[in-house]
Amino acid sequence: MKRRSLLISILATPLIFAASAAFAGKAAVFTGLVDGTGAGGYDVVAYQLENAAKPGSEAITAGFEGVNYRFITEANRATFTADPAKYIPAYGGYCAYAVAKGSTASADPEAFTVVDGKLYLNYSKGIQSKWQQDTAGNISSANSNWPKVLGN
């Protein structure tokens, strides 16, 4: 019986690793700062309308593609629900500079840039400075790398 259990274990091990690898990819939207919430809970409409990073309210939310977003006003929520794709962060809210360099990293909602009506978040203010040294080039690289960097 021990030999049979050992044989089953040996045969099953590659299947376990294959199954693990299949689920090893990253989520398409970074929600690590506030579980299940995009943009770290910050109001994605305020970035564009006010050029400001403002934490949204837990009481004023809207969902898009399985992710919740928070807003500072009902008006901002209504603006978002009318055209969510316009307001969600590029690259799922991962650090845009990291995506440009071929990987992913978390993002600080306070380190943001809006370019041509699109929101880009960065890991930190320091990384944001690097991102802004060649915004157009970084956007081009990031567009080429996305979504391959998710590993899905």
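Residues numbered from 1 in each chain as written. Predicted model: local features only at pLDDT ≥ 70, side-chain atom pairs only at ≥ 80, totals over all residues. Heavy atoms only, no water.

This next bit is on helix α6 (residues 125-133). Those residues of α6 lying buried are I127, Q128 and W131. Projection of α6 onto a plane perpendicular to its axis shows the buried side chains occupying an angular sector of 105°, all on one side. Packing partners of the buried residues in α6 comprise α5 (96-100), β3 (108-115), β4 (118-122) and α7 (135-145). (Buried < 20%, exposed > 50% of the residue type's maximum accessible area, 1.4 Å probe, protein only. Helix = DSSP H or I, 4+ residues; strand = E, 2+ residues; numbered from the N terminus. Arc of directions from axis to C-beta. Contact = heavy atoms within 4.5 Å.)

Turning next to the layout of surface pockets. To locate leftover empty space, one rolls a probe as large as a water molecule over the atoms. In this structure, the largest pocket spans a volume of roughly 160 Å³. Surrounding the largest pocket, 13 residues form its lining, A28, V29, E65, I88 and G92 being those nearest its centre. (1 Å grid on protein atoms, 1.4 Å probe; cavity = no way out; pocket = protein on both sides within 12 Å on 5 of 7 lines; lining within 4 Å. Points joined across faces, edges and corners; volume = space filled by probe spheres on them.)

Moving on, we come to the packing of aromatic side chains. Throughout the structure, instances matching the rule amount to nine aromatic pairs. Geometrically, the ring pair formed by F30 and Y94 is tilted, given 5.6 Å between the ring centres and 50° between the ring planes. Of this pair, F30 sits in the loop between α1 (2-22) and α2 (44-50) while Y94 is found in the loop between α4 (84-87) and α5, placing the two residues 64 residues apart along the sequence. Exposure remark for F30: the relative accessible area of 16% places this residue in the buried category. (Phe/Tyr/Trp six-rings, centres within 6.5 Å; stacked < 30°, edge-to-face > 60°.)

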